[in-house]
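Here's the letter readout for the chains.
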Amino acid sequence: MEQLFGLNPQLLHDTVLMVFAILFLFTLMSYLLFNPAKKMLKEGRTVSKMTLKRQRKTGKKLPQSKRSTMQKSKGLKKKLRKS
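Anyway, here's the lowdown on the structure attached to this text. (Residues numbered from 1 in each chain as written. Predicted model: local features only at pLDDT ≥ 70, side-chain atom pairs only at ≥ 80, totals over all residues. Heavy atoms only, no water.)

1. Overview of the overall build of the chain
In plain terms, the rule: Secondary structure counts use DSSP, requiring at least four H or I residues in a row for a helix and at least two E residues in a row for a strand, with both numbered from the N terminus. Partly exposed residues are those whose accessible area sits between 20% and 50% of the maximum for their type, while under 20% is buried and over 50% is exposed, using a 1.4 Å probe and protein chains only. Each accessible area is a Shrake-Rupley estimate made with a 1.4 Å probe; only the visible protein chains count as cover when residues are assessed.
Looking only at helices and strands, the chain has 2 helices and 0 strands in total. For the chain, buried positions account for 5% of its 83 residues. If you sum the accessible surface of the chain, you get close to 8,200 Å²; carbon and sulfur atoms cover 67% of it.

If you want it as structure tokens, here you go:
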């Protein structure tokens, strides 16, 4: 077999297998790690929205730490929408 750029068939075979292994591991990790993390973040947003609605109805104010965090997140959302 003629060599391609001086590479032997074993090296090419190993490279192809490594690429498939990396793609498989990335897919597996996205299923096991990334999706649950996205779900957790989404649940956190819904809980914070429910908390805000409840506090608006009752008229209670948020503690200062939560207010500043909410204001920062709103500012970041606006910056992300603009870009």
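What follows picks up the thread again.
2. With respect to a nonpolar patch on the surface
For clarity, the cut-off: Exposure above 30% relative accessible area and the absence of a salt bridge qualify a residue for a patch, where like charges join within 9 Å and nonpolar side chains (Val, Leu, Ile, Met, Phe, Trp, Tyr) within 5 Å. Salt bridge, as applied in this entry: a Lys or Arg side-chain nitrogen positioned within 4 Å of an Asp or Glu carboxyl oxygen.
A surface patch of nonpolar side chains, about 940 Å² in accessible area, is lined by Phe24, Leu25, Phe26, Leu28, Met29, Tyr31, Leu32, Leu33 and Phe34. Along the chain, Phe34 turns up in helix H1 (residues 9-58). Looking at Phe34, the relative accessible area reads 42%, which means it is partly exposed.

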